[in-house]
Every structure is written in structure tokens, then in C-alpha cells.
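# Structural overview
Chain by chain, the residues run as shown.
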Amino acid sequence: MNRDARAFWLRAPGAGEIRSVTLPEPGPEDVLVRSVFSGVSRGTETLVFTGAVPESQYAAMRAPFQEGDFPAPVKYGYLNVGVVEHGPADLLGRTVFCLYPHQTAYVVPASAVTPVPDGVPAARAVLAGTVETAVNALWDATPMVGDRVSVVGGGMVGCAVAALLARFPGVRVELVDADPARAAVADALGVGFATPVEATGGRDLVVHASATDAGLQRSLDLLAPEGTVVELSWYGDRPVRLSLGGAFHSGRLTIRSSQVGTVSPNRARRSYAQRLALALGLLADPAFDALLTGRSRFTDLPDVLDRLAAGSLPALCHLITYDGK
């Protein structure tokens, strides 16, 4: 059993490197996974890469298998798909998803991996963590048949929410983003598109995921009376400026937070494992391929994150490949 591996570490804010590691000997309840793909969650991981995680949020931002501490040195990431090379017979040889950082191989408890369904390609499966967030958001939002819904913010999470909403009967979905290039993604997902200025009003529900004051304000402005904004954005320590005059009180509008760290109270009878398994099953839909907007080799990851952080490499989810795939 080969126990040599390589891992991506943030050595200092803005400076990543590949380090050699020796894997621990797997115990009887462990699996050794050889990575096939990992995904860069652009918003969160560029925040980590630039050292912009607020100190007050160090604990909240910690990934399940993170090593080191913010701001650096730290090994961070949570979208990994690989093949089990050592472990229980029912997992041996299976393709699995794990909330693990970018590393060529790793040892974790068998309970930490979720088998990827046969109908889901390994590359698409890296989106499981993002789709899980979208599932939880819609459990919180409880959209109804025939609702008029906007998703403000066309990043990974916003697009995943829009993709799921597009499958609800009678629901008319509009993805709202300042970047006109997101129109092509919206089309691939089967939803409408508008810039913030052009966005359709009178919405029953708006899901906000742009992480901007202007986006949240526009979300409120788009609501019909008694409408709800479900807030998915993470602001850290940044203050949010919002006007709650106008129609906020007279229209009896609602802002509701949603966060994947807790299973929605609307589905409290579901476990974290069940929620993740559901997300993986939903990824059988090839429409989600629209969220995979580029790929690079693992050895190029330091440069990839530098370019993503600088904005010179536009992406939703950037795919990292291993062993030349």
C-alpha cells in the first residue's frame, strides 16, 4: 500500500505550495482514498487564499479535515472525489465523495465518505457539497407549486439553487447577476436570466447569494407583498447596509437566514448523511455540468488559486485533476 501523498497548503496569505505527506496506517474502520478530482469553491477558497477570513470567524470557517489554522499555514478545501483503495469490502473500489482538502490521497474514517451513485460522473460529483447547501436552502425556503422565484447572485451556490428550482412544477425561475455572461449558464440550467436592473419584480420568493449589500437590497425590492428573501450569503465581519423603509413594513416582507451547518428545522428528521446522499443523487442531472467551468492539474493549484483570487481566471467551480486526468 502506497502511503506517499502530496497536499496543497497555503504557506502564507497569497502563497500556496505543494507539500509531500506520509499517510497514517489505516485502522479497521478507516478508508484510504486516492483522489480523482477536487473542486475549488471559488468564493470561500479565494477568501482563505488571500487571508481574508475574519478572526472572529476562524472556528465557523474551519473545514472538516482542515490542518493548520487561519490565516496560514493551513490546508483547506472540502470538495473531493476519489476511489477507495483500502477499507471495508463494501467500499473497496468505490468512487466516493468526501469533505477533504486538495490532496492526492488521504485516510479518513469510513463514515466520512459517501458513495457516488453509478449515474453520476466523478467530475460532477465534486459539486455535492454545493448542491447540499442548495438543498438545505430550499428546505428552509419551502417554495410552492407555481411560485415566482428569483435567485440573486450567479455563483456556485446561486446556480445550484436555480438548477433545483427549475425542476419544481410550475415554478418560474429567474437568475439575476450583474455579469451578462451568466446568461449562458442560466440557459444551460433551464432558467431565465436578468441583470439587476432588468430583473422581474413581484416575486413570491427570492434566494440571495451574491454576498453584497446591493444584492440583498435588490432582493427585497423584487418581492411581492408578504414575500420572503432567503439569505445564503456569508458576510463575515462586514457590516451590511440595508434600507428597511419603503415597502419593507407595509409589504410585510421577510428576510430569513439559511446555513448548511445545520439541517433545516423543516427537515430535522433528516441526518447530515441523508442530506449529502440526496445531493449526490440529484447530480445525475447533466445540467449541473454548467457549473464546472474549467480544469487544471493538481500541481498547478498554487497558480490556479492565485489567478482565481486576482480575478484573471473566471470560474464557478474550477476542477482539479489528479494523475493526468
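Now for a quick tour of the structure. Everything numeric here is computed off the predicted structure, so don't read it as measured data.

Right, let's talk about helix 7 (residues 213-221) for a bit. Residues spaced three or four apart along an α-helix point in a common direction, a consequence of the helix completing one turn every 3.6 residues. Buried within helix 7 are the following residues: Gly215, Leu216, Gln217, Ser219 and Leu220. In the core, the buried residues of helix 7 are packed alongside strand 10 (148-152), strand 13 (203-208), strand 14 (223-231), helix 8 (247-250) and strand 15 (254-257).

Our next topic: unusual backbone geometry. Backbone torsion omega between phenylalanine 70 and proline 71 reads 0 degrees, so that peptide bond is classified as cis. As for its placement among the helices and strands, proline 71 is situated in the loop between strand 4 (67-68) and strand 5 (74-75). Residues alanine 72 and proline 73 are joined by a peptide bond in cis, for which omega reads -5 degrees. Of note, proline 73 is situated in the loop between strand 4 and strand 5. Phi is positive for glutamate 226, which is not a glycine, with a value near 70 degrees. Relative to the assigned elements, glutamate 226 resides in strand 14. Even without a glycine there, the phi angle at arginine 252 is positive, about 50 degrees. Relative to the assigned elements, arginine 252 resides in the loop between helix 8 and strand 15.

Counted as a void, the second largest pocket has a volume near 230 Å³. Considering the residues around the second largest pocket, the lining is formed by 13 residues, among which Val135, Leu138, Leu164, Phe168 and Leu282 are closest to the centre. Those elements giving two or more residues to the lining of the second largest pocket turn out to be helix 4 (128-141), helix 5 (156-165) and helix 9 (272-282). Sort the elements by how many residues they give to the lining of the second largest pocket and helix 4 lands first, with 3 residues. Broken down by class, the residue content of the lining of the second largest pocket amounts to 9 nonpolar, 1 polar and 3 charged.

The subject of this paragraph is the packing of aromatic side chains. The tally for this structure, following the rule as stated, stands at 6 aromatic pairs. Aromatic side chains phenylalanine 65 and tyrosine 100 sit 5.4 Å apart centroid to centroid with 35 degrees between the ring planes, which places their arrangement in the tilted category. Residue phenylalanine 65 is found in the loop between helix 2 (58-61) and strand 4, and its partner tyrosine 100 is found in the loop between strand 7 (95-98) and strand 8 (105-109); the two are separated by 35 residues along the sequence. With 5.6 Å between their ring centres and 55 degrees between their planes, phenylalanine 70 and tyrosine 76 make a pair best called tilted. Following the ring pairs from residue to residue traces out a cluster consisting of Tyr58, Phe70, Tyr76 and Tyr78.

Looking now at the pairing of strand 10. For strand 10, the buried fraction is high: 4 of the 5 residues fall into the buried class. Pairing of strand 10 with strand 11 (residues 172-176), which is carried by 5 bridges, proceeds in the parallel orientation. Note that in strand 11 the partner of valine 152 across the bridge is valine 176. As a crossover connection, the stretch from strand 10 through helix 5 into strand 11 is right-handed.

For the rest of this paragraph, the subject is the sheet that holds strand 11. Sheet architecture is open: 6 strands sit in the order 12-11-10-13-14-15, paired in parallel fashion. The open sheet terminates on both sides in strands that have one partner only, identified here as strand 12 (192-194) and strand 15. Put simply, the sheet's adjacent strands are angled 20 degrees from each other on average, direction ignored. Packing of helix 6 (residues 182-189) onto the sheet brings it into contact with strand 11 and strand 12, and relative to strand 12 it is tilted by some 160 degrees.

Definitions and cut-offs
Residues numbered from 1 in each chain as written. Predicted model: local features only at pLDDT ≥ 70, side-chain atom pairs only at ≥ 80, totals over all residues. Heavy atoms only, no water. Buried < 20%, exposed > 50% of the residue type's maximum accessible area, 1.4 Å probe, protein only. Helix = DSSP H or I, 4+ residues; strand = E, 2+ residues; numbered from the N terminus. Contact = heavy atoms within 4.5 Å. 1 Å grid on protein atoms, 1.4 Å probe; cavity = no way out; pocket = protein on both sides within 12 Å on 5 of 7 lines; lining within 4 Å. Points joined across faces, edges and corners; volume = space filled by probe spheres on them. Nonpolar A, V, L, I, M, F, W, Y, C, P; charged D, E, K, R; others polar. Phe/Tyr/Trp six-rings, centres within 6.5 Å; stacked < 30°, edge-to-face > 60°. Pairing = 2+ DSSP bridges. Right-handed = clockwise from strand over helix to strand, strands pointing away. Axes fitted to C-alpha atoms, helices over the stretch in contact; angles between N-to-C directions.

Honestly, that's just the spatial picture; any functional story needs more than this.
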